[in-house]
Amino acid sequence: MRWLRDPLLVVEGLTMRFGGLTAVRDLSFSVGRGAITALIGPNGAGKTTVFNCITGFYKPTSGLMALSTGGPIEPDAVAALTATSKRYACSDNKIGCEGLFLLERMPDFEITRRARVARTFQNIRLFPGMTVLENLIVAQHTTLMHASGWTVLGLLGSPVYKQAESAAVEVARYWLHRIDLMHRADDAAGALPYGDQRRLEIARAMCTDPVLLCLDEPAAGLNPRESAALNLLLRTIRDDHGTSILLIEHDMSVVMEISDHVIVLEHGVRISDGTPEHIRNDPKVIAAYLGVEDEEVEEAEAEVGL
């Protein structure tokens, strides 16, 4: 089990309260390096809240979220870092340097830039007035700004900036080929069909070179052909780039086909954790999705013809 042997992300005791409401309660799980992990559960289970904690949109009430962009996550190293006030253990200040990060201590922009975590949302958030190609180039703004010295060197035609700009265009073209949209490169992103916009948003996230790609319901609204194209893209990202993927998804055909590891939440609590085959046959999972108690599973299955 890759998520136990070589985790990229370890979440321990994650709790998120909003006043008197506990959205996530004492949640622990791991995301395997180079694996596809699905976070599933009925509506209101706390899945998006978990995403918001990992990506820095929420600061959790308590808990630890350790991510390593380099080697294995060593418990002793995590304990030593936790005992300090530091956010991360990193050899220098270079962008993308390898290290151990405590995500719960970091602002969202540092989680993206230093810990290399990228995210998409339930609602597509492309720049509709920009071209398809420009959407992928703008995702690389940190690299381009670094090349400009955070000044106007780009406007002045700095050779370093021109080289970085050329590299950014090549990265964008690479991903356009991957998602089969090179022929639409100069079209407005808002003019693309819905399924193409979904894939473009994922490609834009990949232009930031993440080690962890968080996808919030990427198959929502897709037809079977588009879902098949999505499955192929996500396998490519995992197999060819070694990028770990954590996704929230309600389309169980997508989850069961591409996931290496599935975690099931109900009312903010983990009720099951394992391979797709294990999850498919877990009575607690069946009960949660049918809205019945565990002991009523067989009766409910018979009623709906399962």
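Summarised in this report is the structure supplied together with it.

Note that Leu27 resides in strand S2 (residues 21-32). Residues Leu27 and Arg270 lie 243 residues apart in sequence; the distance between their C-alpha atoms is 6.3 Å. Ignoring sequence-local partners within four residues, the contact set of Leu27 consists of Val11, Glu12, Gly13, Leu14, Val50, Leu265 and Arg270.

Attention now moves to the packing of aromatic side chains. Evaluated as defined, the whole model comprises four aromatic pairs. When the centroid spacing of 5.6 Å and the interplanar angle of 90° are considered together, the rings of Phe57 and Phe121 count as edge-to-face. Residue Phe57 is located in the loop between helix H2 (47-54) and strand S4 (62-68), and its partner Phe121 is located in the loop between strand S7 (117-119) and helix H5 (132-138); the two are separated by 64 residues in the primary sequence. Residue Phe57 is classed as partly exposed on the basis of its relative accessible area of 44%. Its end group placed over the ring of Phe121, Arg125 keeps NZ or CZ at 3.8 Å from the ring centre.

If you walk across this open sheet you meet the six strands as S7-S8-S9-S3-S10-S11, and the pairing is mixed. Bordering the open sheet on either side are S7 and strand S11 (269-274), each of which pairs with just one other strand. Averaged over all adjacent pairs, the angle separating strand axes in this sheet is 20°, with direction ignored. Note that strand S3 (residues 36-40) and strand S9 (residues 244-248) share four bridges and pair parallel. Within the sheet, the bridge partner assigned to Ala38 lies in S9 and is Leu247. Where helix H8 (residues 194-206) meets the sheet, it contacts S7 and strand S8 (212-216), and its direction lies at approximately 155° from that of S8. Packed onto the sheet, helix H9 (residues 224-241) meets S3, S8 and S9 and runs at close to 150° relative to S9.

About the thresholds
Residues numbered from 1 in each chain as written. Predicted model: local features only at pLDDT ≥ 70, side-chain atom pairs only at ≥ 80, totals over all residues. Heavy atoms only, no water. Helix = DSSP H or I, 4+ residues; strand = E, 2+ residues; numbered from the N terminus. Contact = heavy atoms within 4.5 Å. Phe/Tyr/Trp six-rings, centres within 6.5 Å; stacked < 30°, edge-to-face > 60°. Buried < 20%, exposed > 50% of the residue type's maximum accessible area, 1.4 Å probe, protein only. Lys NZ or Arg CZ within 6 Å of the ring centre and 35° of its normal. Pairing = 2+ DSSP bridges. Axes fitted to C-alpha atoms, helices over the stretch in contact; angles between N-to-C directions.

The values reported here are purely geometric and, on their own, carry no functional implication.
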